[in-house]
Amino acid sequence: MTLWIILGIIAVVIIWAVSAYNGIVKLKNWVSEAAAQIDVQLGRRNDLIPNLVETVKGYAKHEQETLSQVIAMRNQLTNMGSNASVQEKMDVSNQLSGTLKTIFALSESYPDLKANTNFIKLQEELTNTENKIAYSRQLYNSSVAQYNIKIQMIPNIIANFGGFTKEQMLEIPAEERAVPKVQF
């Protein structure tokens with residue numbers, strides 16, 4: 001009888017350990033999937049940028065420096081490869097987003113560009129993609145939070161045994177944290 005109780009306890013501990021390990025693996029994979037979704041949206045934006053630049057080139061000949069910046073940042077982001085961290089990719093992406101805002105502001109100076117249907121469609125697509133990037137960042141941080149909570153909770157023996165380490169959340173740049181100055 002005592003042997004059956006001991007075997008029962010061992011079986012319960014093994015089932016718990018396997019379940020806990022599998023739960024951590026599931027959360028770790030969610031973090032990886034969320035990071036991949038960010039890459040998908042960055043790729044989508046990178047595919048749209050050359051079309052936007054070509055559309056703007058025809059109208060804003062003397063804005064070549066701004067257009068060159070956009071292409072350079074796009075190329076930098078494209079060439080980062082899989083070795084770059086999600087945070088590094090997002091830092092370059094934030095710079096690119098700022099430069100894209102400059103291009104959209106150019107349309108105010110060029111009424112013909114502002115009325116161009118290709119430009120309008122590209123601007124809408126890029127705006128939608130920027131929103132998807134923001135959502136993907138939120139999903140990534142949420143996934144990282146769930147994963148980090150799981151590996152830090154007691155008992156975290158399974159996380160230590162499995163070699164699971166804490167993931168870093170994406171952070172916004174300091175300049176985006178600053179309170180905007182509003183003047184009338």
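Everything below is about the structure shown above.
An account of the accompanying structure is given in this report.

Conventions used here
Residues numbered from 1 in each chain as written. Predicted model: local features only at pLDDT ≥ 70, side-chain atom pairs only at ≥ 80, totals over all residues. Heavy atoms only, no water. Helix = DSSP H or I, 4+ residues; strand = E, 2+ residues; numbered from the N terminus. Buried < 20%, exposed > 50% of the residue type's maximum accessible area, 1.4 Å probe, protein only. Areas by Shrake-Rupley, 256 points an atom, 1.4 Å probe, with all protein chains shown as cover. Patch = residues over 30% accessible without salt bridge, like charges linked within 9 Å, V, L, I, M, F, W, Y side chains within 5 Å. Salt bridge = Lys/Arg side-chain N within 4 Å of Asp/Glu carboxyl O. Axes fitted to C-alpha atoms, helices over the stretch in contact; angles between N-to-C directions. Parallel < 35°, antiparallel > 145°, perpendicular 65-115°, else oblique. Left-handed = near helix turned anticlockwise from the far one by under 90°. Contact = heavy atoms within 4.5 Å. Nonpolar A, V, L, I, M, F, W, Y, C, P; charged D, E, K, R; others polar. Core = buried A, V, L, I, M, F, W, Y, C linked by side-chain atoms within 4.5 Å. Phe/Tyr/Trp six-rings, centres within 6.5 Å; stacked < 30°, edge-to-face > 60°. Polar contact = N/O pair within 3.5 Å; in protein donor to acceptor, adjacent residues only side chain to side chain.

1. Here's the deal with the overall build of the chain
Logical step 1: Within the chain, the secondary structure is distributed over seven helices and zero strands.
Logical step 2: Element order for the chain, N to C, with α for helix and β for strand: α-α-α-α-α-α-α.
Logical step 3: Residues counted as buried form 35% of the 184 residues belonging to the chain.
Logical step 4: Total accessible area computed for the chain in this model is approximately 11800 Å², and 58% of it derives from carbon and sulfur atoms.

2. Some points on a nonpolar patch on the surface
Logical step 1: Nonpolar side chains collect at one region of the surface, where L3, W4, I6, L7, I10, I14 and V18 lie side by side and expose about 730 Å² of accessible area between them.
Logical step 2: Considering the arrangement of structural elements, one finds I6 in helix 1 (residues 2–57).
Logical step 3: Taking relative accessible area as the criterion, I6 reaches 43% and is therefore assigned partly exposed.

3. Describing the packing of helix 1 against helix 2 (residues 64–78)
Logical step 1: Close contact between helix 1 and helix 2 brings their axes to 10 Å; oriented N to C, the two are set at 160 degrees. The pairing of helix 1 with helix 2 is recorded here as roughly antiparallel in orientation. For the pair helix 1 and helix 2, the sense of crossing is left-handed. Of the residues in helix 2, those touching helix 1 at L42, R45, N46, D47, I49, P50, V53, V56 and K57 are Q64, L67, V70, I71, R74, L77 and T78.
Logical step 2: When the residues that make up the contact of helix 1 with helix 2 are grouped by side-chain class, the tally is nine nonpolar, three polar and four charged.

4. Quick word on the nonpolar core
Logical step 1: Of all hydrophobic cores here, the largest spans 38 residues; its most connected members are L52 and Y140.
Logical step 2: At the level of secondary structure, the elements contributing two or more residues to this core comprise helix 1, helix 2, helix 3 (86–109), helix 5 (117–152) and helix 6 (157–162).
Logical step 3: If near-sequence neighbours (up to four positions away) are discounted, L52 is found in contact with L100, I103, F104, F119, L122 and L126.

5. A few points about the packing of aromatic side chains
The geometry of two aromatic rings is summed up by the distance between their centres and the angle between their planes.
Logical step 1: Under the counting rule described, the total for this entry stands at two aromatic pairs.
Logical step 2: A centroid spacing of 6.5 Å and a plane angle of 70 degrees characterise the contact between Y147 and F164, whose relative ring orientation is edge-to-face. With Y147 in helix 5 and F164 in the loop between helix 6 and helix 7 (174–177), this pair connects stretches of sequence that are 17 residues apart.
Logical step 3: Look at Y147 and you get buried, because its relative accessible area is 0%.
Logical step 4: Judged by its relative accessible area of 14%, F164 falls in the buried class.

6. Overview of the environment of K57
Logical step 1: Considering the arrangement of structural elements, one finds K57 in helix 1.
Logical step 2: Counting along the chain gives ten residues from K57 to L67, while the straight-line C-alpha distance between them is 7.8 Å.

7. Topic: the environment of N22
Logical step 1: Within the secondary structure, N22 is located in helix 1.
Logical step 2: Residues N22 and I158, spaced 136 residues apart in sequence, show a C-alpha to C-alpha distance of 9.8 Å.

8. Remarks on the side chain of E167
Logical step 1: Structurally, E167 can be placed in the loop between helix 6 and helix 7.
Logical step 2: Polar contacts involving the side chain of E167 include one to the side chain of K28, which spans 2.2 Å.
Logical step 3: Apart from the residues within four sequence positions on either side, E167 is in contact with K28, V31, Y140, V144, Y147 and N148.

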